[in-house]
Structure formats: structure tokens, C-alpha cells
Amino acid sequence: MSSLALYRRYRPESFAEVIGQEHVTDPLQQALRNNRVNHAYLFSGPRGCGKTTSARILARCLNCEQGPTPTPCGECQSCRDLARNGPGSIDVIEIDAASHGGVDDARDLREKAFFGPASSRYKIYIIDEAHMVTSAGFNALLKVVEEPPEHLKFIFATTEPEKVIGTIRSRTHHYPFRLVPPGTLREYLAEVCGKENSYVEDGVLPLVVRAGAGSVRDSMSVMDQLLAGAGDDGVTYAMATSLLGYTEGSLLDSIVDAFAAGDGAAAFEVVDRVIEGGNDPRRFVADLLERLRDLVILAAVPDAGEKGLIDAPADVVERMQAQASVFGAAELSRAADLVNEGLTEMRGATSPRLQVELICARVLLPAAFDDERSLQARLDRLERGASFATAGAGPAMGYVPGREAEAHAPVAMVPPGGGVAAARAAVRGEVPETAPVPAAPAAPVAPAQPVQYVAPAPAPAPQPPVETPSGGQRPGAWPAAAAPEPGRRPGGWPTASAPGQAPAPVTPAAPAPVPAAAPAPGAAEQAPGMAQGAAQVRNMWPDILEAVKNRRRFTWILLSQNAQVTGFDGTTLQIGFLNAGARDNFASSGSEDVLKQALAEQFNMQWKVEAIVDPSGGAGQPPQTGGRPSAAAAPQRPAAPAPQQYESRPAPAPAPHQQPGAGPAPAAAPAPQPHHAPEPPRSVAPEDDIPEADDPDLVDSALSGHDLIVRELGATVVEEFTNE
């Protein structure tokens, strides 16, 4: 086999063999056919794209005995002298301007140029690296280039045409050469490897094309190096990556998967493997940027591989399509921008590993930045359904509702004694004065290991529903220390009775059996597992509401007014709403994500949330009335008139008529208490019902209760009562 370099052995001998430069070779061939050849040409372009080769082919076409012709015969003396391995022609002079660009060299050329050719039709000067000619040298050549003899032709070849003075450039025909497209270059390299009878694995040629950067000569040199070091199994992908210094595809796949999953441990492990493996950190970042570029294109154009927008084997394209599908467009764009900025900052960095790790940290933590790109990346993650709201994972992504969100909020009829102030008091844990203050309030279920669901323990000595008096507490009900007021549903407004759950009248002599314990018509049926698991979540519901309140007041109001826990099976939390409007507003206003984030951040729970319509308002569950112990009744406020004019419902049953065993703890039953008047609803001071000035949910343009009822329900004021 010849020891000649590969790019010299396969140097083109005609314009038809030049690849990727049809915009130059076609006009030149047509000019030769038309016999309209200029006296001076300027070929410019990047290195290794065929400028000098095309100049030699043009000289061969001009001096061919059959010419001027676009296809040299290859048989005459001139064609044989100017062939690929020919000795050269005395009438075609190549000058390297890098070493012969002075004024003296130009004067010597000018004196010899007037002599005619020895044996050919034209005397042709090929001046390579023409930008190295000095201004004085160009000025010395100006006259002969402007008005040369009939037998004289000039061909200037340069990579920097702007350095050729304008007086010379304006007297030539300028043909700009370009870099060869990757697809064309890859096919040419495959053809050369076939002629060399060398096996090359898939994925090697794209690496060679990338290393050559569009230059045919550089790509041929790299290919020659790989073929020279190939073994019996040919050129392998591992050999090419290690020899050319590129990052292995497995490392790029690993770090991209880590970015997609938000796995910092895996990302930093890949960085450690890159450094410990002796790879160049800057090369690794450049390869990562190239991979992200391919993913951005695949996300926008799924068939980019078929259209030739991505130069990679089919299996690599398929793998990148899977990676692009788990990213959002904004997240991919942000990652590419951060890697690009990091690559620029790595120039001259004293600690390249630190720079790579910082790049990974920035990509993994969009919540640590408040710019638009980071916000869009976080939105992409939310839209994909991925939850990254873990404890200490960055600033909380709170949500402040706008006017549009509050305008679509469900309008609930607030019962007497309710309102904003009462809701604040309930969430802050303020207990009405009429409620007993136990020595040690029953704490909610502590979320020590919230990820794994623990089945709730059975309530102590549960009684069958048919034997439970109306004032008793059913198994799985709210703890005694946090028991709601009579008729109040879990998580509801203070003093608000759940719709469809009116207290059953109870006589002082004998408490009636619990007819209200049976499910009301229309109540949602619960599976045994869902109903049993709901008891544990109800104990935690006040803490959940408090966590939701800290994130978004709108969601807190929606849940506390209209929702209750109806079921839980260990992975899915089922929430019942009073009507379909409240449920739809919960789903469309982003409140479901707020609840999930509050569960994840406060309790480290990743539960699914299922919103259902429960018109019974909790009537399908055993009643919650009478669950408050009356052993230590606190002094009451002065009795205020109960504002019962808003709705006609039976008066609440007297709470003190409890049986000895009706308390929450049957083992220690409280002593019977003397009879006293029914507990009136707690009155709220007017100053407590005024919203705070910095309340983000306050809407100045909202209608009052009277105006809202008149507008929405067409109500008419019949009679007005004044509460004093």
C-alpha cells in the first residue's frame, strides 16, 4: 500500500470529482464551454475545501490540447504533467505567498510574466495564501494583473479575501468556497473506506466528520489516522472516541437522563467519571451542548433524523428521541443556554471540574433562579406531572391568585358567625370559649414516615352505629381535643352546619338511636379501605389546611368551605365537594397542585388527589355532633342572640345530655353534668371580621353578599332583621 497521505491519493483531477462546491464548479465549467475565461480569478474559503485543487484543475482544463474544456482528456502531455501524481508543468507556476509575498518577489514575477509559455497554451500563476502578500507586493503586481498579456492567467487562493487589497480584488472573478455539508462528506468518506477495503463501525464516520469540521482535507487526515491504527476488527467506535478525545455516548446519555429526572447524585457521579477517566472537561461540556442541541431539534422536529437535520446513527437518534420526549421545550432551551454560558466561562478557568459541577447545579435547580427561563422550565416540569417540591429543594413556588381566579371562585353561603375572621381563628387553632380545654390535646398523626402508608389503628372500644347515641363519637372521628362544634363538618367554617346533616332531635330522657348515621340519599359510597383510611387523614386535615394556607389563601378558603376528606387508600386522597362547581373550580384553578405541593413540602407525602362531588356534605358518615367532652365546661360569654333568621333549621340538640359512655374515651367516662341551656353559636366581633389590608386574596371589586345574591339568584329582600 502506498505511503502517500490519503488526501493526496484521492485528490480530484476534474471538476466532477470535487464534492460540495457545485456553486463554484458549475459556473467555471460553463465559462469554459462558452470560452469566456477571465484573466484573473480569486478563490476564497476555509482551509481544506478545494481552492488549490480547483486552481490546478482549472489550469489543466485551460492547457489541455482539447481545451479550453471543462473535462480534461487526461492523455495529452499537459494533462499528464498536471495529473494527481504527475511531475508538474513548467508553464503552471505555484507560488507560496507566505514565503514569497514581498515587493521583490512581486517584481521578479512581473519581469518573468511577460515571457511566453514553453509548451502550453497559457502561462498560469497560482498564488496560494494570497492574503500574505504585502501591500507593496500587491501594488507591484497591480499593473500586470490589470492588463496582462494574452498568454498570462492569474489564480489567487486565500482563506482571508478581505486582506487582499481592493484594487486587486476588483480585477478578478471572485468564487467563494464553502465548508462541505456533513452528509456529503460522510458519504465521500464511506466511499474512500470502501476503496481501502477497511471496515468502519456505525457512529465512527459522524465523529470523523465532526472532527474535520467540514474540511475535506482535515477529515481525510483524521480518517487516515484511524485506518492506520485499526486492528483486524476495523475502526471501532470506542477506538475513535478515545483517539479523537470525544465523550462516550453512554456518559452523555447518563447526564441527560439525570437532568430529566432531577437526579443530582447521578449528574455529579457522571462528572466524577469524566474527570477520573482523564477526559477533557471542556470537551465534555462541548459534547453535552451538542447533545442538547440535537434534543432541542428533535423536540421541535420529531423526524429530524430522516430529514438530515441530525447527523447520527439510527439507534442514537431513537435514543435521543426518547430523551427529548421527557423534556419540555423551555427546559431544554434553558439547559442549552446554561451549558453554552458555562462553556464560555470555562476559557482560562483554573478549576474546570468546578465549572462543570456548577453548570450541572444550575441546570438541576430552576427554582433557585427567578428569571423567565427558569420559570418556564418549572412550568414544563409541572405540566409533565413531575413533582420536584421536596423539603429544602429551593424557595417555595407559592401562587398568588389574580382577579380572574377569584372571579371564578364558588360562591358559598356563609352561615351566621362565619366569615373571614372566623376562618382565620379556626386555622390558627383558636378554640371557642365554650369548648373545654383538655390537659393534653390529642396530637394529629405525626408524619414521621409519611411515604409509607400505615393503616389507622382502630378507635378504642368502637360501638356499633345502631347502639351509638346521638351525642357519641364514632370510630375514626376527629380527636376530642380538636372536635368541631355540633353540626360542623371536618375542615368547615366555624359554626357552619354541613348541608344535609341537621342535628337529630334528642330528648333529655332517652337519646334516640342514630337515624342520621345512615347515609343520606345521594351520598358518595365509599369502599371499606377508602373509608377506613380517611380517619387518619381527617386527624391531619387541620395541619394540611394550615400548610395550604401558607401557600395560597384561595385554595385554603376553597377547601375549608367546600371540601372534606371522604376516603384514602394509602396512595390516593379522595376529597368530596358539596357541588360540581366547587370541584371544577378546584381542578381548574391550580388548587390541586397547591395541595400536592403542600403535602410534599410539609409532610413529605406524594399522594394522588381525587376530587369528587359529595352532595351529602358528609351526611353519609356517622355524625360528628356530640363529640366534645363536657367534663370541664369553660365559662361562656354573655349570651348573644343566635342569628338564626337566615335559615330555618331545627335548633341544635342540647349538648350536655350525654351518656356516661358517650365520650371519646370510653375507659374514662366523664361524670354526668347538670342540664343547661343549649350552646349558642359563637359570635364574632365586627373588628375580627374585617380582612387585613395586606390580604393577597382581597378583591376590592368583589360584590357584597346582598348584591351577589340579588345578581346571581334573583333574590328579593322580604324582611330585614337587625342583630344587636
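Use the structure listed above.
Here we summarise the structure given alongside this text. Everything numeric here is computed off the predicted structure, so don't read it as measured data.

Notes on the packing of aromatic side chains
Here's step 1: All told, the structure shown has eight aromatic pairs when counted by the stated rule.
Here's step 2: With 4.3 Å between their ring centres and 45° between their planes, Phe568 and Trp607 make a pair best called tilted. Residue Phe568 is found in strand E6 (residues 563-568), and its partner Trp607 is found in the loop between helix H25 (591-603) and strand E8 (608-613); the two are separated by 39 residues along the sequence. Pair check on accessibility: Phe568 and Trp607 agree, each one buried.

With respect to the pattern of salt bridges
Here's step 1: In the structure shown here, the tally under the stated rule is 19 salt bridges.
Here's step 2: We note a salt bridge from Asp253 to Arg319, for which the minimum N-O separation is 2.6 Å. Taken as a pair, Asp253 in helix H12 (residues 249-261) and Arg319 in helix H16 (residues 314-325) lie far apart in primary sequence, 66 residues in all.
Here's step 3: Taking the relative accessible area as the measure of exposure, Asp253 reaches 10% and is therefore buried.
Here's step 4: Among the residues examined, Arg319 registers a relative accessible area of 33% and is labelled partly exposed.

Considerations on the nonpolar core
Here's step 1: Judged by nonpolar contacts, the single largest core of 37 residues is most densely connected at Ile255, Phe259, Phe284, Val285, Leu288 and Leu292.
Here's step 2: Where this core is concerned, the elements lending two or more residues are H12, helix H13 (264-276), helix H14 (281-300), H16, helix H17 (329-345) and helix H18 (352-364).
Here's step 3: With sequence-adjacent residues up to four places away left out, Ile255 is seen in contact with Ala267, Val270, Phe284, Leu288 and Cys360.
Here's step 4: With 27 residues, the next largest nonpolar core counts Met540, Trp541, Ala547 and Leu558 among its residues.

A word on H18
Here's step 1: Relative to the 18 Å expected for 13 residues at 1.5 Å per residue, H18 spans 19 Å between its end C-alpha atoms, a close match to the ideal helical length.
Here's step 2: When H18 is considered as a whole, its buried residues turn out to be Gln355, Val356, Ile359, Cys360, Val363 and Leu364.

Some thoughts on the sheet that holds strand E2 (residues 92-96)
Here's step 1: Spatial ordering of the open sheet is given by E2-E3-E4-E1-E5, a layout of five strands whose pairing is parallel. At either end of the open sheet lies a strand with only one pairing partner, and these are E2 and strand E5 (173-176). Taking each pair of neighbouring strands and ignoring which way they run, the sheet shows an average axis angle of 15°.
Here's step 2: For strand E1 (residues 40-44) and strand E4 (residues 152-158), the ladder comprises five bridges, and the chain directions are parallel.

Examining unusual backbone geometry
Here's step 1: Even without a glycine there, the phi angle at Asn35 is positive, about 55°.
Here's step 2: As for its position among the elements, Asn35 is in the loop between helix H2 (22-34) and E1.
Here's step 3: You will see that Ala213, though not glycine, has its phi angle at about 55°, which is positive.
Here's step 4: Mapped onto the secondary structure, Ala213 falls in the loop between helix H9 (204-212) and helix H10 (216-228).

Comments concerning helix H8 (residues 182-195)
Here's step 1: In a regular helix each residue adds 1.5 Å, so 14 residues correspond to 20 Å; H8 covers 20 Å between its end C-alpha atoms and thus fits that length.
Here's step 2: Among all positions of H8, only Leu185, Tyr188, Leu189, Val192 and Cys193 are buried. Buried residues in H8, looked at end-on, bunch into an arc of 140°, giving them a common side.
Here's step 3: Downstream of H8 by one or two residues, Asn197 has phi in the positive range, about 55°.

Reading guide: rules and limits
- Residues numbered from 1 in each chain as written.
- Predicted model: local features only at pLDDT ≥ 70, side-chain atom pairs only at ≥ 80, totals over all residues.
- Heavy atoms only, no water.
- Phe/Tyr/Trp six-rings, centres within 6.5 Å; stacked < 30°, edge-to-face > 60°.
- Helix = DSSP H or I, 4+ residues; strand = E, 2+ residues; numbered from the N terminus.
- Buried < 20%, exposed > 50% of the residue type's maximum accessible area, 1.4 Å probe, protein only.
- Salt bridge = Lys/Arg side-chain N within 4 Å of Asp/Glu carboxyl O.
- Core = buried A, V, L, I, M, F, W, Y, C linked by side-chain atoms within 4.5 Å.
- Contact = heavy atoms within 4.5 Å.
- Expected span 1.5 Å × (residues − 1).
- Pairing = 2+ DSSP bridges.
- Axes fitted to C-alpha atoms, helices over the stretch in contact; angles between N-to-C directions.
- Arc of directions from axis to C-beta.

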